[in-house]
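Commentary on secondary and tertiary structure
One-letter residues, chain by chain:
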Amino acid sequence: MKITPITLALTLSFPLLAHDSAPAIMQAKDLLLTTVQNKQSLEGSISDYLVSEKLDGIRAFWDGKGFVTRSGNKLNAPDWFIDQFPTIPLDGELWAGRGGFQHVARTVLDTLPNEDSWRRISFMVYDTPTPNMTFAQRYTMLNTSITALNHPHIQVIEQFEVSNLDELEKTLDKTSSSGGEGLMIHHKDNLYQLGRSEQLLKLKRYQDAEAKVIGYEEGKGKYTGMMGAIWVVTPDNIRFKIGSGFKDAERQTPPAIGSTVNYRYNGLTESGIPRFARYVRIRNNPDI
């Protein structure tokens, strides 16, 4: 049987903190990024995990009274949006469906909330910092309490089981082909803890990173008169160009020199240059 590589990344878990200090721990970033060539690394223990879709939204922490972002910025949601929200702290994602990231980014970071835009957004909860409870227990508790609220703008991200890694890969393929980012795999017995956790895995069909824009390359053919590619440099001083992933409007007004962009790629060349790099978005705001 052919083994298809799955991209995995370990992520952080977050502890319960007060409103004014919670963002210091909400620095979600990859600790390890590797390509798994051997399915046996998870084959014997997949039944110990719950699986959910990885959502592409804005990370938010609900402290029982309001939202804060991972960098500590307060989010000004309309009163009707948070009316009857739980008083317990919640960890989740403000999300507008697959492909809706730009709508969320334009909406939730505004000082004055646009109520019509907020109506397209939901707070998707995936955890609560409750001590001495396993992830499976926390999920059951959240699912019961939040479902009972019957609130149109808050719901728990569905967690499900898979029987083997073939099923996991098929689920990943189905999610990716439908416009989803990937999957999260969370160990059922994992406690909500400070620091690193090897019990929370991120699965994607690609890798992603950030780089600084240092120049442009003129477009040709149908892109004559527009930007054809941007030249970027990584934190490791690797220079390369990105020519795909841009909409026509972005080619007409490309990311500014000195700005930081997020891009996706599939492995590295022998020279360390990302393969098949494609533009995703400008990433100057730490909350995006």
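Worth saying up front: this structure is predicted, and the values here are computed from it rather than measured.

Right, let's get into the packing of aromatic side chains. To describe a pair of aromatic rings, one takes the distance between the centres and the angle between the planes. Going through the model one piece at a time under the given rule, you end up with 12 aromatic pairs. Between Phe-67 and Phe-85, the ring centres sit 6.0 Å apart and the planes meet at 90 degrees, which makes this aromatic pair edge-to-face. Here Phe-67, found in strand β5 (residues 67–69), pairs with Phe-85, found in the loop between α2 (79–82) and β7 (90–95); they are 18 residues apart in sequence, far enough to count as distant. Here the two residues Phe-67 and Phe-85 agree in accessibility, since each one is buried. Plain terms: the ring middles of Phe-246 and Tyr-279 are 4.4 Å apart, the flat faces sit at 15 degrees to each other, and that makes the pair stacked. With Phe-246 in the loop between β14 (239–242) and α7 (248–252) and Tyr-279 in strand β16 (residues 278–282), this residue pair connects regions lying 33 residues apart in the sequence. As far as the burial class goes, Phe-246 and Tyr-279 line up, both buried. The rings of Trp-62, Phe-67, Trp-80, Phe-81, Phe-85, Trp-118 and Phe-123 are connected pair by pair, giving a single aromatic cluster. Of note, Arg-119 hangs over the ring of Trp-80, and the distance from its end group to the ring centre comes to 4.3 Å. The side chain of Arg-281 reaches across the aromatic face of Phe-101, ending 3.5 Å from its centre.

The next thing to look at is the sheet that holds strand β9 (residues 154–156). For sheets, the rule is that strands pair by backbone hydrogen bonds, running either parallel or antiparallel. Strand order in the open sheet formed by 6 strands is β6-β5-β4-β7-β8-β9, with mixed pairing between adjacent strands. Looking at the sheet topology across the chains shown, the edges are occupied by β6 (74–75) and β9. Against the sheet, helix α3 (residues 101–108) contacts β4 (58–62), β6 and β7, and its axis sits at roughly 50 degrees relative to β4.

If you look at the biggest cluster of nonpolar residues, it comprises 27 residues, and the most contacted ones within it are Phe-67, Phe-81, Leu-90, Leu-94, Ile-121 and Phe-123. Elements that contribute at least two residues to this core include exactly β4, β7, α3, β8 (122–127), α5 (135–149) and β9. If you look at the next biggest cluster of nonpolar residues, it comprises 13 residues, including Val-213, Val-232, Phe-240 and Tyr-279.

Along the chain, the position of Asn-164 falls in the loop between β9 and α6 (165–177). Remark: the alpha-carbon pair of Asn-164 and Ile-46, spanning 118 residues in sequence, is separated by 6.3 Å. Of the polar contacts made by the side chain of Asn-164, one reaches the side chain of Ser-163; its length is 3.3 Å. For Asn-164, the side chain forms a polar contact with the main-chain nitrogen of Glu-167, separated by 2.8 Å.

Inspection of the secondary structure assignment puts Glu-181 in the loop between α6 and β10 (182–187). Within the local environment of Glu-181, its side chain forms a polar contact with the side chain of Lys-54, the two groups lying 2.5 Å apart. A polar contact of 3.2 Å, which involves the side chain of Glu-181, links it to the side chain of Arg-264. Not counting residues within four places of it along the chain, the set of residues in contact with Glu-181 comprises Lys-54, Leu-55, Asp-56, Leu-203, Lys-204, Tyr-206 and Arg-264.

What counts, and where the lines are drawn
- Residues numbered from 1 in each chain as written.
- Predicted model: local features only at pLDDT ≥ 70, side-chain atom pairs only at ≥ 80, totals over all residues.
- Heavy atoms only, no water.
- Phe/Tyr/Trp six-rings, centres within 6.5 Å; stacked < 30°, edge-to-face > 60°.
- Helix = DSSP H or I, 4+ residues; strand = E, 2+ residues; numbered from the N terminus.
- Buried < 20%, exposed > 50% of the residue type's maximum accessible area, 1.4 Å probe, protein only.
- Lys NZ or Arg CZ within 6 Å of the ring centre and 35° of its normal.
- Pairing = 2+ DSSP bridges.
- Contact = heavy atoms within 4.5 Å.
- Axes fitted to C-alpha atoms, helices over the stretch in contact; angles between N-to-C directions.
- Core = buried A, V, L, I, M, F, W, Y, C linked by side-chain atoms within 4.5 Å.
- Polar contact = N/O pair within 3.5 Å; in protein donor to acceptor, adjacent residues only side chain to side chain.

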